[in-house]
Amino acid sequence: MNGHEKSDPTVVAMKPANKAGRPMAERVERRVGAKGNAGQHNTRRAQNRESVTQALARIRQAARTRKKERFTALLHHIDVDLLRIAFLALQRKAAPGVDGLTWRDYEAELEPRLTDLHARVHRGAYRPQPSRRTYIPKADGKQRPLAIAALEDKIVQGATVLVLNAIYEQDFLGFSYGFRPGRGPHDALDALDVGIGSRKVNYILDADIRSFFDSVDQQWLIRFLEHRIGDPRIIRLAQKWLKAGVLEDGTVTLSDRGTGQGSVISPLFANIYLHYVLDLWADRWRRREATGDMIIVRYADDVVAGFEHEDDARRFLDAMRTRFEEFALSLHPDKTRLIEFGRHAAARRERRRLGKPETFNFSGLHVHLRQVSQRRFPATQEIPRRPHAGETPGNPGGTATATPSGNPPTGRMAEAGRQWLLQLPCGADE
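The rules behind each value
- Per chain, the residues get numbers from 1 upward, laid out in the order the sequence is written.
- Only residues with pLDDT of 70 or above have their local features reported here, since the model is predicted, and side-chain atom pairs are shown and tallied only from 80 upward, although totals for entire chains, interfaces and linings are computed over all residues.
- Here the side-chain values reflect all heavy atoms present in the structure, with hydrogen atoms and water set aside.
- The pairing criterion is simple: DSSP has to find at least two bridges between the two strands.
- Helix and strand definitions here come from DSSP, where helices need a minimum of 4 consecutive H or I residues and strands a minimum of 2 consecutive E residues; each element is numbered from the N-terminal end.
- Angular values range over 0 to 180 degrees, each being the angle between N-to-C directions of two axes fitted as lines to C-alpha atoms, with helices fitted over their stretch in contact.
- Any carboxyl oxygen of Asp or Glu within 4 Å of a side-chain nitrogen of Lys or Arg constitutes a salt bridge here.
- Relative accessible area decides the class of each residue, using a 1.4 Å probe on protein chains only: under 20% of the type maximum gives buried, over 50% gives exposed, and in between gives partly exposed.
- The cut-offs work like this: below 35 degrees is roughly parallel, past 145 is roughly antiparallel, 65 to 115 is roughly perpendicular, and the gaps in between are oblique.
- Handedness of a crossing follows from how the near helix is turned relative to the far one, being left-handed for an anticlockwise turn of less than a right angle and right-handed for a clockwise one.
- Whether two residues are in contact is decided by their heavy atoms: any pair within 4.5 Å suffices.
- Three residue categories are used. Nonpolar comprises Ala, Val, Leu, Ile, Met, Phe, Trp, Tyr, Cys and Pro, charged comprises Asp, Glu, Lys and Arg, and polar comprises the others, including Gly.
- Here is the rule: rings of Phe, Tyr and Trp (six-membered ring for Trp) pair when centre to centre is within 6.5 Å. Planes less than 30 degrees apart are stacked, more than 60 are edge-to-face, and the remainder are tilted.
- Think of it as a cone above the ring: NZ of Lys or CZ of Arg counts as a charge over the ring if it is within 6 Å of the ring centre and within 35 degrees of the ring normal.

A.B. asks: Please clarify how the sheet that holds strand 5 (residues 246–248) should be interpreted in this entry.
C.D. replies: Two modes of strand pairing occur in sheets, parallel and antiparallel, and in both the strands are linked by backbone hydrogen bonds. Read from one edge of the open sheet, four strands run 2-1-5-6, paired in mixed fashion. In this open sheet, the two edge strands, each paired with only one partner strand, are strand 2 (143–148) and strand 6 (251–253). Between one strand axis and the next, the sheet turns through 45° on average, direction left out of account.

In structure tokens form, the structure reads like this:
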């Protein structure tokens, strides 16, 4: 069909008369013909998601089986169907960007707009607009800067994320959570809970990356992308978004740092950056340098690592600081802490008359210790808007488990994170 969601019109199917002589016999009855090519590649409404899913499945399979392959032809996957899926995934009531267009405004003429947008993207005429700067309050009373992209930029970014996720979801490590399909905060907490409860964890490193989304080195990010993305058109799109700038008080500011926190593609860029800067390095350090058990869970830019030995924890912290400096990142000196924590922390601190074990925050929750039936696990509580409010006192005799709200997190992704932690080897030579 040529028209979106239109019935096939009645057309005359040309066929000669039964006899060509004179007088000619009566011509055959007219029939309804299908307008458009019967073998066309893209399907519509009822089938477009299926065709897109099949195309992305082929990318996933290639990424899974060929870990070092660079994908050189990806832009053709960003077609009108994928742009439509990306548009429908946007929040209907989201604040508009500098273009002033809302979701409802764009929907009014959706098909011609998407067709035009698709044409501009593929002929290189698409130009992202600057993001509109806004601020939201943080728990510590400060303001968090956000960059609100124009609507068409959100659409193209969303479609690009769908394509790139098919590749990078095969590459990201098991302890990476946050802004990933099926790997939310409850899955990360479940993995952390099981890791602390089942491994020999005596110390927790609560690492806070200072202003991460504003500190990402854009040149390093592009180099990381080029490890897997060999399509120069996708790389140019990424460079355009990074260089589009931010509009604040009538002035557009350009920078070679940051990913524009608040944009659709920013979380994926952040995960790719930390995959190469932190995850691969930390996994290698754990296997080669740690002398005892070690676990690590990362939720976006929130990192928690557990250690059996204090010396391992301190060496890892020093090495991580050095590693981050190479890639324009730094740890917040006041928010990054090494604390005694785990199944034996309460008893050890009680013997030294140091009081209850310290607590830490992870993924918006406050993690502390308490005892139920002599079983020891970390407990969590949701953090109200004021920091550290609502903390439940712990019993120094042990630990127990409490989930934030509702039922404990379950599911295949939680199980995958759990298995990753349980399989962490102990010792430098394993």
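A.B. asks: Quick question: what am I supposed to make of the pattern of salt bridges here?
C.D. replies: As a working rule, side chains carrying opposite charge can pair if their charged atoms are close by. Scanning all chains against the criterion turns up 19 salt bridges. Two residues, Glu111 and Arg84, come together in a salt bridge whose shortest N-O distance is 3.0 Å. Residue Glu111 is located in helix 4 (residues 110–123), and its partner Arg84 is located in helix 2 (residues 80–88); the two are separated by 27 residues in the primary sequence. Take Arg84: its relative accessible area is 1%, and that puts it in the buried class. Connected through shared salt-bridge partners, Lys67, Asp171 and Arg228 make up one network.

A.B. asks: How should unusual backbone geometry be read in this particular structure?
C.D. replies: Glycine aside, residues mostly have negative phi, and peptide bonds are mostly found in the trans state. Of note in this structure, Phe179 is not a glycine but carries a positive phi near 60°. Inspection of the secondary structure assignment puts Phe179 in the loop between strand 3 (176–177) and helix 6 (185–198). Here the phi dihedral of Ala300 falls at roughly 55°; this positive angle occurs in a residue that is not glycine. Judged by relative accessible area, which is 8%, Ala300 ranks as buried.

A.B. asks: What exactly am I supposed to notice about the packing of helix 8 (residues 218–225) against helix 9 (residues 232–243) here?
C.D. replies: In a pair of packed helices, the angle between the axes and the distance between the axes together describe the arrangement. Two numbers describe how helix 8 lies on helix 9: the axes approach to 11 Å, and their chain directions differ by 160°. Taken as axis vectors, helix 8 and helix 9 run roughly antiparallel relative to one another. In terms of crossing hand, the pair formed by helix 8 and helix 9 is right-handed. Seen from helix 8, the contacting residues are Gln218, Leu221, Ile222 and Leu225; seen from helix 9, they are Ile235, Ala238, Gln239, Leu242 and Lys243. Within the contact of helix 8 with helix 9, the residues separate by chemical class into six nonpolar, two polar and one charged.

A.B. asks: Explanation requested: the sheet that holds strand 7 (residues 294–299) in the structure shown.
C.D. replies: Read from one edge to the other, the open sheet built from five strands follows the order 3-7-8-4-9, with strand pairing classed as mixed. Each edge of the open sheet carries a strand with a single partner, namely strand 3 and strand 9 (337–340). Where strand 4 (residues 203–208) and strand 8 (residues 302–307) come together, six bridges link them in antiparallel fashion. Among the inter-strand pairings, Ile204 is bridged to a residue of strand 8, identified as Gly306. Taken strand by strand, helix 6 contacts strand 3, strand 4, strand 7 and strand 8, and its axis lies near 170° from that of strand 7. Relative to strand 7, helix 10 (residues 266–288) is tilted by about 175°, and along the sheet it contacts strand 3, strand 7 and strand 8.

A.B. asks: Help me understand the packing of aromatic side chains, please; the structure alone is not making it clear to me.
C.D. replies: Geometry of an aromatic ring pair is reported as the spacing of the ring centres plus the angle between the planes. Counted under the stated rule, the structure contains 14 aromatic pairs. On the numbers, 4.7 Å between centres and 65° between planes, the contact of Trp220 with Phe327 is edge-to-face. Separated by 107 residues along the polypeptide, Trp220 in helix 8 and Phe327 in the loop between helix 11 (310–326) and strand 9 bring together distant segments of the chain. For Trp220, a relative accessible area of 24% puts it in the partly exposed group. Clustering of aromatic rings is evident, with ring pairs tying together Phe212, Phe213, Trp220, Phe224, Tyr273, Tyr276 and Phe327. The side chain of Arg183 reaches across the aromatic face of Tyr177, ending 4.2 Å from its centre.

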